[in-house]
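Letter by letter, the chains look like this.
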Amino acid sequence: MLKVFDLAARAPREGGETVLGLKDLHTHACYMLYGILLPGDEPRNLQPGPGHEEIFVVLSGAMEIKGQAETRLVQAGQAFYLQGDQVFTAAAAGPGEVRYVAAGGHTPGQDHHH
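As a starting point, this report considers the structure included with it. (Residues numbered from 1 in each chain as written. Predicted model: local features only at pLDDT ≥ 70, side-chain atom pairs only at ≥ 80, totals over all residues. Heavy atoms only, no water.)

1. Focus on the sheet that holds strand β1 (residues 17–20)
Read from one edge to the other, the open sheet built from five strands follows the order β1-β2-β9-β4-β7, with strand pairing classed as antiparallel. The open sheet has two edge strands with one neighbour each: β1 and β7 (79–83). The average undirected angle you get between the axes of adjacent strands in this sheet is 20°. Two elements, strand β4 (residues 52–60) and strand β9 (residues 98–106), share eight bridges in a ladder whose sense is antiparallel. Among the inter-strand pairings, His52 is bridged to a residue of β9, identified as His106. (Pairing = 2+ DSSP bridges. Helix = DSSP H or I, 4+ residues; strand = E, 2+ residues; numbered from the N terminus. Axes fitted to C-alpha atoms, helices over the stretch in contact; angles between N-to-C directions.)

2. Regarding the layout of surface pockets
Unfilled space is identified by rolling a water-sized probe across the atoms. One number sums up the size of the second largest pocket: a volume of about 200 Å³. Taken together, Ile65, Glu70, Arg72, Leu73, Val74, Gln78, Ala79, Phe80, Tyr81, Leu82 and Phe88 make up the lining of the second largest pocket. Looking at the lining of the second largest pocket, the elements with two or more residues in it are β6 (71–75) and β7. Top element by residues in the lining of the second largest pocket is β7. It accounts for four residues. (1 Å grid on protein atoms, 1.4 Å probe; cavity = no way out; pocket = protein on both sides within 12 Å on 5 of 7 lines; lining within 4 Å. Points joined across faces, edges and corners; volume = space filled by probe spheres on them.)

3. Focus on the side chain of Glu54
By the element assignment, Glu54 lies in strand β4. Here Glu54 occupies a buried position and makes no salt bridge, while the nearest side chain of opposite charge, Arg44, is found at 11 Å. Side-chain polar atoms of Glu54 contact the side chain of Tyr31, separated by 2.8 Å. Once residues lying within four places of it in the same chain are set aside, the contact partners of Glu54 are Tyr31, Leu33, Pro48, Phe80, Tyr81, Leu82, Ala103 and Gly104. (Buried < 20%, exposed > 50% of the residue type's maximum accessible area, 1.4 Å probe, protein only. Lys, Arg positive; Asp, Glu negative; His and termini not counted. Salt bridge = Lys/Arg side-chain N within 4 Å of Asp/Glu carboxyl O. Polar contact = N/O pair within 3.5 Å; in protein donor to acceptor, adjacent residues only side chain to side chain. Contact = heavy atoms within 4.5 Å.)

4. Remarks on the packing of aromatic side chains
Within the structure shown, the criterion is met by two aromatic pairs. Each ring, one from Phe56 and one from Phe80, has its centre 5.0 Å from the other, and the planes form 5°; the classification is stacked. One end of the pair, Phe56, is in strand β4; the other, Phe80, is in strand β7, and 24 residues separate them in sequence. On the basis of relative accessibility, which here comes to 1%, the residue Phe56 falls in the buried class. Seen from their ring centres, Phe56 and Tyr100 are 6.2 Å apart, and the 45° between their planes marks the pair as tilted. Of this pair, Phe56 sits in strand β4 while Tyr100 sits in strand β9; the two residues are 44 residues apart in sequence, bridging distant segments of the chain. Taken together, Phe56, Phe80 and Tyr100 form an aromatic cluster joined through their ring pairs. (Phe/Tyr/Trp six-rings, centres within 6.5 Å; stacked < 30°, edge-to-face > 60°.)

Here it is as structure tokens:
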């Protein structure tokens, strides 16, 4: 039976980001994040962690991504990829909210931690 998950309703209740993963899907194979960033919110840390990889897609708005050596503006319809211990912060870069999803999985041959 097909199960539908209301991530847009869950994210605000869970601090602006929710994870569709092991708890809902009962598998370690993959997971997905759904997030909302509001103008003026504290920047959110984006870090897949050891043994994880994530592809982020901005669905609406503009997201400012900051890393140690670079800052990028990611617009709706654009994507970026993070792996392992890479750490970036994300913030709304305009007057409107940002909505994004990230599809995640495990790096083959690497240990990972939850």
